[in-house]
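What the coordinates show
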Amino acid sequence: MKSRTHPRKVAGKRVAVLGAGSWGTTFAKILADGGADVVMWARRPEVAREIQEAKRNSDYLPGVNLPLGVRATSRLDLALAGAEQVYVSVPSQSLRDNLKMFAPHLNANAIVISLMKGVEKSSGMRMSEVIAEVLQIDESQIAVISGPNLALEIAKEQPTAAVVSSTSLETAQAVASVARNKYFHSFVNTDVIGTEFGGVLKNLIAVAIGIVDGAGYGENTKASIITRGLVEMTDFAVAFGAHPETLSGLAGLGDLIATSQSPLSRNNTAGRLLGQGYHLNDVVNQMQQTTEGLASVGPILELARAKGVEMPIVEQVRQVLAGTLDPKDIAPHLTTDDEPQGERTKDGQAEGGSAVRRAFKRAFDQLRHGGRGAGSDRP
Ligand SMILES: NC(=O)C1=CN([C@@H]2O[C@H](COP(=O)(O)OP(=O)(O)OC[C@H]3O[C@@H](n4cnc5c(N)ncnc54)[C@H](O)[C@@H]3O)[C@@H](O)[C@H]2O)C=CC1
Ligand SMILES: O=C(CO)COP(=O)(O)O
């Protein structure tokens, strides 16, 4: 970085944001507006240069002025030097390779925060698990952030909230006290599994909503899918050890509503194109930004199968992606049950049993059949 292009340094904690796409850039603005001293790493030198010199990232956030305090470089050593908190926002499928590049430059005590909402296709691992495995750091040094956070709205400073989650409450609080400002409110929790899976799973339901929207169905259909989708999300996450409340919080229901309703959502947009009859390859080519849901469908269904969790909506999304189900048919087949099924009621109990009760039953069945129990978060 040339010193003449260095802006005045903002007083505050030195943090790094790795990944200069729409979310990484927006998050750098959130942090800088909260008073942190932010250096971004961009893969492409021209993107780093535009942010550093013009305080713009016109490819991803057209028309948005970044705070003067945000600096950017394409050199990892400069971005990570002295960084106490490191926020990572790259496509989930590229995380492992990126982490290997980051590792030599990371401070041993730095907290690493995942801003991503996908699972690794090859392993089914959550992003925090990939971080722990590749960087070989303790889980108390890792946090994740998730919530109803459409980047472009936040870049325009429209108020929203998110959850910062770490198995260490102290870590979550340390991150939340930096990742906040007048338009971004951070809550904390210690349910990393629920917080991460909430972000992953809502993408899949948002794709389903996009599909039925594109196929011409209306609000009743979409509301039914959102509601039943939340049940699938909760069943799945609880089976892996999440607290059900997390899924009805910002990282679950909150994000599900935002993503399912907004044309800004890439997952929702991809679904709509599929619903309009475009082939998956054409949709992928048309999407210029990361669309995590398309890559997550396969690994999530595999994980679900391993725990005996039924996900009829996600399964139908898979079939539409594979071209074996007409998008028009996704709505009439909202359930695979042959018999009438109980709906969860106000206290979380369904006639057929609560998510927790079902999780226990699954664990019991798995133990009986020599499998692993529900307490484990890996199949
Ligand atoms: N955009 C949004 O509104 C939000 C996105 N997220 C999550 O943040 C993560 C990143 O998403 P976005 O920033 O929106 O994506 P994006 O497509 O806008 O940007 C991705 C960035 O990663 C970089 N990158 C680094 N290594 C890469 C590689 N090997 N292959 C491709 N790109 C690579 C790209 O150059 C680009 O700067 C995703 O997991 C997404 O679900 C979470 C909340 C909100
Ligand atoms: O996670 C998001 C909003 O919270 C962004 O959703 P998309 O990735 O679908 O754009």
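Reading the values: rules and limits
Residues numbered from 1 in each chain as written. Chains lettered and ligands numbered in written order. Predicted model: local features only at pLDDT ≥ 70, side-chain atom pairs only at ≥ 80, totals over all residues. Heavy atoms only, no water. Near = heavy atom within 4 Å. Polar contact = N/O pair within 3.5 Å; in protein donor to acceptor, adjacent residues only side chain to side chain. Areas by Shrake-Rupley, 256 points an atom, 1.4 Å probe, with all protein chains shown as cover. Helix = DSSP H or I, 4+ residues; strand = E, 2+ residues; numbered from the N terminus. Nonpolar A, V, L, I, M, F, W, Y, C, P; charged D, E, K, R; others polar. Domains from an automatic or database assignment. Buried < 20%, exposed > 50% of the residue type's maximum accessible area, 1.4 Å probe, protein only. Pairing = 2+ DSSP bridges. Right-handed = clockwise from strand over helix to strand, strands pointing away. Buried area = accessible area lost by both parts, 1.4 Å probe. Salt bridge = Lys/Arg side-chain N within 4 Å of Asp/Glu carboxyl O. Axes fitted to C-alpha atoms, helices over the stretch in contact; angles between N-to-C directions. Contact = heavy atoms within 4.5 Å.

**Notes on the site of ligand 2**
In the vicinity of ligand 2, the contacting residues are Lys117, Gly147, Pro148, Asn149, Leu150, Lys202, Asp255, Thr259, Leu264, Ser265, Arg266 and Asn267. Here an oxygen atom of ligand 2 and a side-chain polar atom of Lys202 are 2.8 Å apart. Contact between ligand 2 and Asp255: an oxygen atom at 2.6 Å from a side-chain N or O atom of the residue. Within the complex, the protein chains bury 92% of what would otherwise be the 310 Å² of accessible surface of ligand 2. Elements with a minimum of two residues in the shell around ligand 2: helix H11 (250–261) and helix H12 (266–275). Looking at the shell around ligand 2 residue by residue, the class counts come to three nonpolar, five polar and four charged. Lining the shell around ligand 2 are residues from two domains, each supplying at least three of them: domain 1 (12–190) and domain 2 (194–368).

**Examining the environment of Ser168**
One can find Ser168 in the loop between strand E7 (160–165) and helix H7 (169–176). For the pair formed by Ser168 and Asp191, sequence separation is 23 residues and the distance between their alpha carbons is 9.8 Å.

**Thoughts on the pairing of strand E6 (residues 142–146)**
Taken residue by residue, a regular strand's side chains alternate between the two faces of the sheet. Summarising burial for E6: five of the five residues are buried, a large majority. Of the two faces of E6, both are covered, the one formed by Ile142, Val144 and Ser146 as well as the one formed by Ala143 and Ile145. As paired elements, strand E5 (residues 111–114) and E6 share three bridges and run parallel to each other. Counted as the bridge partner of Ile113 is Ala143 from E6. Handedness of the β-α-β unit built from E5, helix H5 (residues 127–135) and E6 comes out right-handed.

**Quick look at the site of ligand 1**
With respect to spatial proximity, 22 residues lie near ligand 1, and among them Ser22, Trp23, Ala151, Thr290 and Glu292 are the closest. A distance of 3.5 Å is found between an oxygen atom of ligand 1 and a backbone nitrogen or oxygen belonging to Ala20. Arg266 places a polar side-chain atom, nitrogen or oxygen, 2.9 Å from an oxygen atom of ligand 1. Within the complex, 86% of the 820 Å² of free accessible area of ligand 1 lies under protein. Here the residues of the shell around ligand 1 sort into nine nonpolar, nine polar and four charged.

**With respect to the domain arrangement of the protein**
Interfaces are often sized by the accessible area lost when the parts come together. According to the domain assignment, the protein contains domain 1 (12–190) and domain 2 (194–368). Each of domain 1 and domain 2 was reduced to a C-alpha centroid, and the two centroids are 26 Å apart. Approximately 2,000 Å² of surface area, both sides summed, lies buried where domain 1 meets domain 2, with 66% of it carried by carbon and sulfur atoms. At the surface where domain 1 touches domain 2, the tally comes to two salt bridges. In this assembly, domain 1 and domain 2 are joined by eight residue pairs in polar contact (both at pLDDT 80 or more). For the side of domain 1 that touches domain 2, the elements supplying multiple residues, two or more each, are H5, E6, helix H6 (151–155), E7 and strand E8 (184–189). In terms of residue count, E7 provides more of the side of domain 1 that touches domain 2 than any other element does, four residues in total. When grouped by side-chain class, the residues that make up the side of domain 1 that touches domain 2 number 13 nonpolar, 11 polar and five charged.

**Section: the sheet that holds strand E1 (residues 14–18)**
As summarised here, the arrangement of the eight strands in space is E3-E2-E1-E4-E5-E6-E7-E8, forming an open sheet in which the pairing is mixed. Among the strands making up the open sheet, the edge pair consists of strand E3 (71–73) and E8. Ignoring strand direction, the axes of neighbouring strands in this sheet form an average angle of 25°. Looking at chain direction, strand E2 (residues 37–41) and E3 are connected through three bridges and run parallel. Along E3, the bridge assignment pairs Val39 with Arg71. On the sheet, helix H2 (residues 45–54) packs against E2 and E3 and is oriented at approximately 160° with respect to E3.

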